[in-house]
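Results of the structural survey
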Amino acid sequence: MKYVNIYGNKRNIGKKAVRFIRLSGKVPCILYGKNINIPFSIPLESLKKIVYTTKIYGVVLKIEGYDKSINAIRKEIQFDPVNNKILHVDFYKIDQSKPIILEIPVKPVGRPIGVEKGGEYYSFIRKLKVKASPYNMPESIELNINFLDIGDRIIVEDLYNNDNKYTILHPSHTLIARVKSSRTIIKSSPEEENKEGKEKENKK
């Protein structure tokens, strides 16, 4: 997991203080964890790299008034329901000795052979909830879809292997992706059969 440096300023709490922070172009945040609770603010631009992306980043927080940097992850983010602006962000301090849980993006790799035959590829899950130590947390989970023929599917159980240093927190039968026959194939089959039948009759 890659880390991004973010610089924050200590802030006051309360509605008036929060409103002033937002008017100044910053976002109110809070860092919490074991024996820690620090309200701070950061510029909106600093958040864009870790919010508007499919990638997973850890954060190295350097907060005004604190000598040491703090490794953290983004936990929850609140958006304005009208204009979708970022209203508030929660960060959680990482304890390097304990596992963390994150939603990791699924990255399909390849092109299913079933699609080459006219089938359609369906993806049902874009992110998987994963538990791992901060050192072993993957940036993404690659999904090899090359071998998928029409009627084939991939479930969570298919992703288990001895090299995994993380645990997927979904039931083993959870459907991730599949290839199905397209409607055009289904509809055209009877017509082709009728055509072939007429051709045989004409030959007779």
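Scroll up a little and you will see the structure.
Structural notes, computed from the coordinates. (Residues numbered from 1 in each chain as written. Predicted model: local features only at pLDDT ≥ 70, side-chain atom pairs only at ≥ 80, totals over all residues. Heavy atoms only, no water.)

**Overview of the overall build of the chain**
Rule in force here: In this description a helix means any DSSP run of H or I spanning at least four residues, a strand means any run of E spanning at least two, and both kinds are numbered starting from the N terminus. Using a 1.4 Å probe on the protein chains alone, a residue whose accessible area is under 20% of its type maximum counts as buried, one over 50% counts as exposed, and one in between counts as partly exposed. Contacts are residue-level and defined by heavy atoms, with any inter-residue pair within 4.5 Å sufficient. Surface accessibility in these figures is a Shrake-Rupley result with a 1.4 Å probe; residues are shielded only by whichever protein chains are displayed.
On a plain count of helices and strands, the chain comes out with 4 helices and 13 strands. Taking all 204 residues of the chain together, 33% fall into the buried category. The contacts in the chain between residues at least 6 apart in sequence include a share of 66% that link residues at least 24 apart. When the accessible surface of the chain is split by element, carbon and sulfur atoms take 48% of a total near 13,700 Å².

**Structural notes on the environment of Lys 62**
Mapped onto the secondary structure, Lys 62 falls in strand E4 (residues 57–63). A relative accessible area of 31% places Lys 62 in the partly exposed class. Taking the C-alpha atoms as reference points, Lys 62 and Asn 9, 53 residues apart in sequence, are found 8.7 Å from one another. In this view, Lys 62 contacts Asn 5, Ile 6, Tyr 7, Gly 8 and Ser 69; residues no more than four positions away in its chain are not counted.

**Remarks on the side chain of Ser 41**
Within the secondary structure, Ser 41 sits in strand E3 (residues 36–43). Excluding anything up to four places from it in sequence, Ser 41 contacts Tyr 7, Gly 8, Asn 9, Arg 11, Ile 21, Lys 26, Val 27, Pro 28 and Cys 29.

**Looking at the sheet that holds strand E13 (residues 175–180)**
As a reminder, the rule being used: Any two strands with at least two DSSP-identified bridges between them are counted as paired. Lines fitted to C-alpha atoms define the axes here, with helix axes fitted over just the stretch in contact, and angles between the N-to-C directions of these axes take values from 0 to 180 degrees.
Taken in spatial order, the 3 strands make up an open sheet running E8-E13-E11, and their pairing is antiparallel. One side of each edge strand has no neighbouring strand; the edge strands of this open sheet are strand E8 (120–123) and strand E11 (153–155). Averaged over all adjacent pairs, the angle separating strand axes in this sheet is 10 degrees, with direction ignored. In this structure, E8 lies alongside E13, joined through 4 bridges in antiparallel fashion. Bridging from a neighbouring strand, Glu 120 pairs with Lys 180 of E13.

**Section: the sheet that holds strand E5 (residues 70–79)**
The 6 strands are arranged E1-E3-E2-E6-E5-E4 in a closed barrel whose pairing can be described as mixed. Pairs of neighbouring strands in the sheet enclose a mean axial angle of 45 degrees, with direction left out of account. Bridge count for strand E1 (residues 2–10) against E3 is 2 bridges, and the pairing is antiparallel. Across the sheet, the residue bridging to Asn 9 is Ser 41, located in E3.

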